[in-house]
Amino acid sequence: MESFENFYAYTPMEYFMVAHTLTLGFAVMLAALIYFVLTIRTVAPRFRISSILSVVVMVSAFLILFAQTTSWTNAFVLDDATGLYVKAAGADGFTNGYRYLNWLIDVPMLLFQILFVVDLTKERRVELRNWFWFSGTMMIVTGYIGQFFESANIDGAMGGGAAALASFLIWGTISTLFFFHVLYLMNKLIAESRENMSERASGVFGNIWWLFLVSWMLYPGGYLMPLLLPNAAGVVGRQLTYTVADVSSKVIYGILLTLAAQYRSEDEYDYKYDELTGAAAAAGD
Ligand code: RET
(Lines give C-alpha, C1' and ligand atoms only; values in the text may rest on other atoms or scores of the structure.)
Protein backbone atom coordinates (compact mmCIF):
# COMPACT_ATOMS: atom_id res chain seq x y z
CA MET A 1 0.00 0.00 0.00
CA GLU A 2 3.04 2.25 -0.28
CA SER A 3 3.02 5.11 -2.77
CA PHE A 4 4.97 4.20 -5.89
CA GLU A 5 7.45 7.02 -5.31
CA ASN A 6 9.00 4.97 -2.49
CA PHE A 7 10.12 2.13 -4.74
CA TYR A 8 12.90 3.90 -6.61
CA ALA A 9 16.29 5.56 -6.14
CA TYR A 10 16.76 8.95 -7.78
CA THR A 11 19.66 10.67 -9.49
CA PRO A 12 20.30 14.17 -8.11
CA MET A 13 18.72 15.56 -11.27
CA GLU A 14 15.50 13.60 -10.74
CA TYR A 15 15.41 14.34 -7.02
CA PHE A 16 15.91 18.08 -7.46
CA MET A 17 13.56 18.39 -10.41
CA VAL A 18 10.81 17.19 -8.11
CA ALA A 19 11.95 19.38 -5.17
CA HIS A 20 12.21 22.45 -7.41
CA THR A 21 8.89 21.84 -9.15
CA LEU A 22 7.06 21.44 -5.84
CA THR A 23 8.72 24.63 -4.55
CA LEU A 24 7.71 26.55 -7.68
CA GLY A 25 4.17 25.30 -7.05
CA PHE A 26 3.80 26.82 -3.61
CA ALA A 27 5.64 30.01 -4.57
CA VAL A 28 3.13 30.57 -7.39
CA MET A 29 0.23 30.10 -4.96
CA LEU A 30 1.58 32.80 -2.63
CA ALA A 31 2.22 35.24 -5.48
CA ALA A 32 -1.25 34.62 -6.92
CA LEU A 33 -2.80 35.05 -3.47
CA ILE A 34 -1.56 38.64 -3.52
CA TYR A 35 -2.90 39.12 -7.05
CA PHE A 36 -6.40 37.97 -6.03
CA VAL A 37 -6.42 40.25 -2.99
CA LEU A 38 -5.21 43.29 -4.89
CA THR A 39 -7.57 42.91 -7.87
CA ILE A 40 -10.76 42.47 -5.85
CA ARG A 41 -11.85 46.09 -6.34
CA THR A 42 -11.40 45.93 -10.10
CA VAL A 43 -14.69 44.04 -10.36
CA ALA A 44 -18.22 45.11 -9.40
CA PRO A 45 -19.20 44.07 -5.84
CA ARG A 46 -21.51 41.27 -7.04
CA PHE A 47 -18.54 39.36 -8.51
CA ARG A 48 -16.19 39.68 -5.57
CA ILE A 49 -17.00 36.36 -3.89
CA SER A 50 -15.16 34.74 -6.80
CA SER A 51 -11.94 36.53 -5.80
CA ILE A 52 -12.48 35.59 -2.16
CA LEU A 53 -12.83 31.92 -3.12
CA SER A 54 -9.58 32.17 -5.10
CA VAL A 55 -7.93 33.48 -1.94
CA VAL A 56 -9.26 30.49 0.04
CA VAL A 57 -7.92 28.13 -2.63
CA MET A 58 -4.51 29.84 -2.66
CA VAL A 59 -4.05 29.61 1.10
CA SER A 60 -4.93 25.94 1.26
CA ALA A 61 -2.87 25.12 -1.84
CA PHE A 62 0.12 27.02 -0.52
CA LEU A 63 0.06 25.07 2.74
CA ILE A 64 -0.46 21.68 1.14
CA LEU A 65 2.22 22.14 -1.51
CA PHE A 66 4.63 23.28 1.17
CA ALA A 67 3.84 20.09 3.12
CA GLN A 68 4.21 18.07 -0.08
CA THR A 69 7.70 19.51 -0.62
CA THR A 70 8.71 18.69 2.96
CA SER A 71 7.34 15.17 2.56
CA TRP A 72 9.58 14.72 -0.50
CA THR A 73 12.78 16.12 1.03
CA ASN A 74 12.29 14.17 4.28
CA ALA A 75 11.57 10.88 2.53
CA PHE A 76 14.88 10.55 0.68
CA VAL A 77 18.56 11.05 1.54
CA LEU A 78 21.71 11.08 -0.54
CA ASP A 79 23.51 7.75 -0.42
CA ASP A 80 27.23 8.56 -0.73
CA ALA A 81 28.13 5.09 -1.94
CA THR A 82 25.93 5.25 -5.04
CA GLY A 83 25.39 9.02 -5.46
CA LEU A 84 21.63 8.38 -5.56
CA TYR A 85 18.82 9.62 -3.34
CA VAL A 86 17.32 6.64 -1.54
CA LYS A 87 14.53 6.14 0.96
CA ALA A 88 15.62 7.58 4.32
CA ALA A 89 15.81 4.95 7.08
CA GLY A 90 13.04 5.35 9.62
CA ALA A 91 11.37 8.25 7.76
CA ASP A 92 7.75 8.29 6.65
CA GLY A 93 7.64 7.38 3.00
CA PHE A 94 6.54 9.97 0.46
CA THR A 95 2.80 10.21 -0.07
CA ASN A 96 0.52 12.15 -2.39
CA GLY A 97 -2.39 11.50 -0.04
CA TYR A 98 -2.30 15.05 1.35
CA ARG A 99 -3.06 16.34 -2.11
CA TYR A 100 -6.33 14.46 -2.22
CA LEU A 101 -7.43 15.98 1.06
CA ASN A 102 -6.52 19.41 -0.27
CA TRP A 103 -8.66 18.73 -3.36
CA LEU A 104 -11.54 18.00 -1.03
CA ILE A 105 -11.43 21.70 -0.13
CA ASP A 106 -10.32 23.17 -3.43
CA VAL A 107 -12.52 21.23 -5.86
CA PRO A 108 -15.82 22.47 -4.35
CA MET A 109 -14.40 26.02 -4.02
CA LEU A 110 -13.31 26.10 -7.68
CA LEU A 111 -16.69 24.78 -8.79
CA PHE A 112 -18.64 27.24 -6.60
CA GLN A 113 -16.50 30.12 -7.79
CA ILE A 114 -17.88 30.24 -11.30
CA LEU A 115 -21.44 30.38 -9.94
CA PHE A 116 -20.72 33.94 -8.75
CA VAL A 117 -19.58 35.19 -12.16
CA VAL A 118 -22.60 34.00 -14.18
CA ASP A 119 -26.33 34.83 -14.01
CA LEU A 120 -28.52 32.12 -12.56
CA THR A 121 -31.88 31.89 -10.87
CA LYS A 122 -31.64 31.15 -7.16
CA GLU A 123 -33.05 27.62 -7.62
CA ARG A 124 -30.60 26.76 -10.37
CA ARG A 125 -27.69 28.10 -8.34
CA VAL A 126 -28.63 25.97 -5.32
CA GLU A 127 -29.15 22.90 -7.51
CA LEU A 128 -25.78 23.31 -9.23
CA ARG A 129 -24.01 24.03 -5.96
CA ASN A 130 -25.37 20.82 -4.41
CA TRP A 131 -24.49 18.63 -7.38
CA PHE A 132 -21.03 20.20 -7.76
CA TRP A 133 -20.39 19.56 -4.11
CA PHE A 134 -21.72 15.97 -4.16
CA SER A 135 -20.06 14.76 -7.34
CA GLY A 136 -16.83 16.72 -6.76
CA THR A 137 -16.46 15.31 -3.26
CA MET A 138 -17.33 11.75 -4.26
CA MET A 139 -14.81 11.95 -7.12
CA ILE A 140 -12.03 12.81 -4.68
CA VAL A 141 -12.98 10.42 -1.87
CA THR A 142 -13.23 7.40 -4.18
CA GLY A 143 -9.94 8.38 -5.88
CA TYR A 144 -8.30 8.78 -2.46
CA ILE A 145 -9.23 5.21 -1.54
CA GLY A 146 -8.05 3.93 -4.93
CA GLN A 147 -4.62 5.58 -4.74
CA PHE A 148 -3.67 3.39 -1.78
CA PHE A 149 -3.51 0.49 -4.24
CA GLU A 150 -1.43 2.29 -6.84
CA SER A 151 1.70 0.17 -6.47
CA ALA A 152 -0.27 -3.02 -7.11
CA ASN A 153 1.67 -3.86 -10.26
CA ILE A 154 5.07 -3.07 -8.71
CA ASP A 155 5.12 -4.79 -5.39
CA GLY A 156 3.79 -8.25 -4.61
CA ALA A 157 4.67 -8.39 -0.92
CA MET A 158 3.13 -5.14 0.32
CA GLY A 159 -0.49 -5.53 -0.67
CA GLY A 160 0.16 -5.88 -4.38
CA GLY A 161 -1.20 -8.43 -6.84
CA ALA A 162 -4.37 -8.91 -8.84
CA ALA A 163 -6.78 -7.99 -6.03
CA ALA A 164 -4.97 -4.71 -5.40
CA LEU A 165 -4.86 -3.92 -9.11
CA ALA A 166 -8.61 -4.53 -9.32
CA SER A 167 -9.20 -2.19 -6.35
CA PHE A 168 -7.06 0.49 -7.96
CA LEU A 169 -8.96 0.31 -11.24
CA ILE A 170 -12.45 -0.06 -9.77
CA TRP A 171 -12.13 2.92 -7.41
CA GLY A 172 -10.54 4.91 -10.26
CA THR A 173 -13.48 4.06 -12.53
CA ILE A 174 -16.08 5.05 -9.93
CA SER A 175 -14.22 8.33 -9.45
CA THR A 176 -14.21 8.90 -13.22
CA LEU A 177 -18.02 8.55 -13.35
CA PHE A 178 -18.36 11.41 -10.86
CA PHE A 179 -15.75 13.34 -12.84
CA PHE A 180 -17.85 13.00 -16.02
CA HIS A 181 -20.85 14.29 -14.14
CA VAL A 182 -18.89 17.38 -13.05
CA LEU A 183 -17.71 17.95 -16.63
CA TYR A 184 -21.26 17.62 -17.93
CA LEU A 185 -22.61 20.15 -15.42
CA MET A 186 -19.80 22.61 -16.12
CA ASN A 187 -20.16 22.34 -19.89
CA LYS A 188 -23.88 22.99 -19.68
CA LEU A 189 -23.47 25.87 -17.24
CA ILE A 190 -20.88 27.64 -19.39
CA ALA A 191 -22.83 27.13 -22.63
CA GLU A 192 -26.02 28.57 -21.06
CA SER A 193 -24.30 31.50 -19.40
CA ARG A 194 -22.43 32.68 -22.48
CA GLU A 195 -25.67 33.42 -24.33
CA ASN A 196 -26.50 36.58 -22.40
CA MET A 197 -23.04 38.11 -22.10
CA SER A 198 -21.11 40.69 -24.08
CA GLU A 199 -18.98 39.18 -26.79
CA ARG A 200 -15.68 39.65 -24.99
CA ALA A 201 -16.97 38.19 -21.71
CA SER A 202 -18.43 35.24 -23.60
CA GLY A 203 -15.03 34.77 -25.31
CA VAL A 204 -13.31 34.49 -21.93
CA PHE A 205 -15.86 31.89 -20.80
CA GLY A 206 -15.09 29.89 -23.95
CA ASN A 207 -11.44 29.82 -22.87
CA ILE A 208 -12.40 28.92 -19.33
CA TRP A 209 -14.18 25.80 -20.58
CA TRP A 210 -11.11 24.53 -22.48
CA LEU A 211 -8.75 25.37 -19.64
CA PHE A 212 -11.07 23.57 -17.23
CA LEU A 213 -11.32 20.46 -19.38
CA VAL A 214 -7.61 20.10 -20.10
CA SER A 215 -6.30 21.00 -16.63
CA TRP A 216 -8.75 18.74 -14.76
CA MET A 217 -7.96 15.81 -17.10
CA LEU A 218 -4.33 15.96 -15.96
CA TYR A 219 -5.24 14.70 -12.47
CA PRO A 220 -6.46 11.26 -13.58
CA GLY A 221 -3.26 11.15 -15.68
CA GLY A 222 -1.28 11.51 -12.45
CA TYR A 223 -3.38 8.78 -10.83
CA LEU A 224 -2.53 6.34 -13.63
CA MET A 225 1.19 7.14 -13.67
CA PRO A 226 2.20 4.09 -11.57
CA LEU A 227 0.67 1.90 -14.30
CA LEU A 228 1.84 3.94 -17.29
CA LEU A 229 5.43 4.67 -16.22
CA PRO A 230 6.47 2.60 -13.19
CA ASN A 231 9.95 4.13 -12.82
CA ALA A 232 11.78 7.26 -11.59
CA ALA A 233 10.87 9.17 -14.76
CA GLY A 234 7.20 8.47 -13.98
CA VAL A 235 7.68 9.93 -10.49
CA VAL A 236 9.18 13.14 -11.90
CA GLY A 237 6.51 13.22 -14.62
CA ARG A 238 3.74 12.88 -12.07
CA GLN A 239 4.86 15.83 -9.95
CA LEU A 240 5.35 17.96 -13.07
CA THR A 241 1.86 16.99 -14.22
CA TYR A 242 0.30 17.88 -10.86
CA THR A 243 2.11 21.22 -10.75
CA VAL A 244 1.01 22.23 -14.26
CA ALA A 245 -2.51 21.09 -13.37
CA ASP A 246 -2.52 23.02 -10.08
CA VAL A 247 -1.29 26.27 -11.59
CA SER A 248 -3.80 25.98 -14.47
CA SER A 249 -6.89 24.81 -12.58
CA LYS A 250 -6.49 27.21 -9.66
CA VAL A 251 -4.41 30.24 -10.68
CA ILE A 252 -5.03 30.72 -14.42
CA TYR A 253 -8.69 29.73 -13.95
CA GLY A 254 -9.01 32.36 -11.19
CA ILE A 255 -7.35 35.00 -13.36
CA LEU A 256 -9.69 34.25 -16.28
CA LEU A 257 -12.71 34.47 -13.99
CA THR A 258 -11.42 37.84 -12.74
CA LEU A 259 -11.03 39.02 -16.33
CA ALA A 260 -14.54 37.88 -17.25
CA ALA A 261 -15.88 39.67 -14.16
CA GLN A 262 -13.97 42.86 -15.13
CA TYR A 263 -15.51 42.78 -18.62
CA ARG A 264 -18.99 42.13 -17.26
CA SER A 265 -18.55 44.93 -14.69
CA GLU A 266 -17.75 47.41 -17.46
CA ASP A 267 -20.16 46.17 -20.11
CA GLU A 268 -23.23 45.45 -17.99
CA TYR A 269 -22.86 47.37 -14.72
CA ASP A 270 -21.07 50.47 -15.93
CA TYR A 271 -18.47 49.75 -13.25
CA LYS A 272 -15.36 51.18 -14.87
CA TYR A 273 -12.44 50.67 -12.55
CA ASP A 274 -10.08 52.79 -14.67
CA GLU A 275 -12.40 55.79 -14.35
CA LEU A 276 -13.00 55.24 -10.65
CA THR A 277 -9.28 55.42 -9.95
CA GLY A 278 -8.55 58.15 -12.43
CA ALA A 279 -6.20 55.83 -14.33
CA ALA A 280 -7.97 56.52 -17.61
CA ALA A 281 -7.69 60.30 -17.21
CA ALA A 282 -4.00 60.01 -16.36
CA ALA A 283 -3.45 57.90 -19.46
CA GLY A 284 -5.12 60.64 -21.49
CA ASP A 285 -8.18 58.74 -22.74
C1 RET B 1 -8.82 11.08 -9.42
C2 RET B 1 -8.89 9.56 -9.29
C3 RET B 1 -8.84 8.88 -10.61
C4 RET B 1 -9.98 9.28 -11.49
C5 RET B 1 -10.22 10.75 -11.50
C6 RET B 1 -9.66 11.60 -10.58
C7 RET B 1 -9.89 13.05 -10.78
C8 RET B 1 -9.35 14.06 -10.12
C9 RET B 1 -9.54 15.45 -10.40
C10 RET B 1 -9.00 16.32 -9.53
C11 RET B 1 -9.04 17.71 -9.61
C12 RET B 1 -8.41 18.43 -8.71
C13 RET B 1 -8.34 19.86 -8.68
C14 RET B 1 -7.66 20.37 -7.66
C15 RET B 1 -7.45 21.73 -7.47
O16 RET B 1 -7.09 22.13 -6.42
C17 RET B 1 -9.37 11.59 -8.09
C18 RET B 1 -7.36 11.47 -9.57
C19 RET B 1 -11.13 11.26 -12.60
C20 RET B 1 -10.30 15.88 -11.60
C21 RET B 1 -8.95 20.69 -9.71
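Please refer to the structure higher up on the page.
Residues numbered from 1 in each chain as written. Predicted model: local features only at pLDDT ≥ 70, side-chain atom pairs only at ≥ 80, totals over all residues. Heavy atoms only, no water.

Turning our attention to the site of the ligand. Around the ligand, the surrounding shell holds 17 residues, and the nearest of these are Asp106, Ser175, Trp216, Tyr219 and Lys250. Here an oxygen atom of the ligand sits 2.5 Å away from a polar atom, N or O, in the side chain of Lys250. Its free accessible area being 540 Å², the ligand has 99% of it covered by the protein chains. Top element by residues in the shell around the ligand is helix H3 (residues 97–115). It accounts for 5 residues. Classifying every residue of the shell around the ligand by side-chain character gives 10 nonpolar, 5 polar and 2 charged. (Near = heavy atom within 4 Å. Polar contact = N/O pair within 3.5 Å; in protein donor to acceptor, adjacent residues only side chain to side chain. Areas by Shrake-Rupley, 256 points an atom, 1.4 Å probe, with all protein chains shown as cover. Helix = DSSP H or I, 4+ residues; strand = E, 2+ residues; numbered from the N terminus. Nonpolar A, V, L, I, M, F, W, Y, C, P; charged D, E, K, R; others polar.)

In this section: the environment of Val57. Considering the arrangement of structural elements, one finds Val57 in helix H2 (residues 48–75). Separated by 53 residues in sequence, Val57 and Leu110 have C-alpha atoms that sit 7.7 Å apart. Not counting the four nearest positions on each side in its chain, Val57 is found in contact with Asp106, Met109, Leu110 and Lys250. (Contact = heavy atoms within 4.5 Å.)

Taken together, the side chains of Ile49, Ile52, Val56, Leu101, Leu104, Ile105 and Val141 make up a nonpolar region of the molecular surface, amounting to roughly 500 Å² of accessible area. At the level of elements, H2 and H3 are the ones that each hand at least two residues to the nonpolar patch. Residue placement: Ile49 occurs in helix H2. (Patch = residues over 30% accessible without salt bridge, like charges linked within 9 Å, V, L, I, M, F, W, Y side chains within 5 Å. Salt bridge = Lys/Arg side-chain N within 4 Å of Asp/Glu carboxyl O.)

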